[in-house]
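One letter stands for each residue in the lines below.
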Amino acid sequence: MPYEQVTIETGGMQYSQWVEAAVECGAAQASRSFSIICSEPNQLFGDAWVFKPGTEITIRASGSLLLKGYVDTYAPDIGPKNHRAVISGRSKSKDIIDC
């Protein structure tokens, strides 16, 4: 099975080249959720605050829309051997769930 090119769009910019990307959805879930792991130093440090909680984003896989939603958490893991961050959130239907 070929790899999908996952992109996050926010603020008119597109970001890609993730270590890992996952989008979960299901009939029993009211909203889709996502988790992205980034380790590219330029992307991680240069644009880190682009992904602050509450940021509106669009996630696509090879051009196909997966979800439109918001970042819930941005968790950097910076150390002598680690330079990465986990970005996670949910689709816009979270607004109904969180009321």
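Refer to the structure presented above.
These numbers come from a predicted model, not from an experiment.

*Asks:* So what's going on with the overall build of the protein? Residues and values would help.
*Replies:* Counting its secondary structure elements, the protein contains two helices and seven strands. Helices and strands in the protein line up, N terminus first, as β-β-β-β-α-β-β-β-α. Taking all 99 residues of the protein together, 32% fall into the buried category. Contacts in the protein between residues far apart in sequence, at least 24 positions, make up 50% of those at least 6 positions apart.

*Asks:* Can you explain the pairing of strand E6 (residues 64–78)? Please cite residues and give values.
*Replies:* Bridge count between strand E5 (residues 56–61) and E6: six bridges; the pairing is antiparallel. If you follow Ile57 over to E6, its bridge partner there is Gly69. Between E5 and the antiparallel strand that follows it, E6, lie two residues; Ser62 among them carries a positive phi value of about 50°. Where E6 meets strand E7 (residues 83–91), nine bridges bridge the pair, whose relative direction is antiparallel.

The rules we used
Residues numbered from 1 in each chain as written. Predicted model: local features only at pLDDT ≥ 70, side-chain atom pairs only at ≥ 80, totals over all residues. Heavy atoms only, no water. Helix = DSSP H or I, 4+ residues; strand = E, 2+ residues; numbered from the N terminus. Buried < 20%, exposed > 50% of the residue type's maximum accessible area, 1.4 Å probe, protein only. Contact = heavy atoms within 4.5 Å. Pairing = 2+ DSSP bridges.

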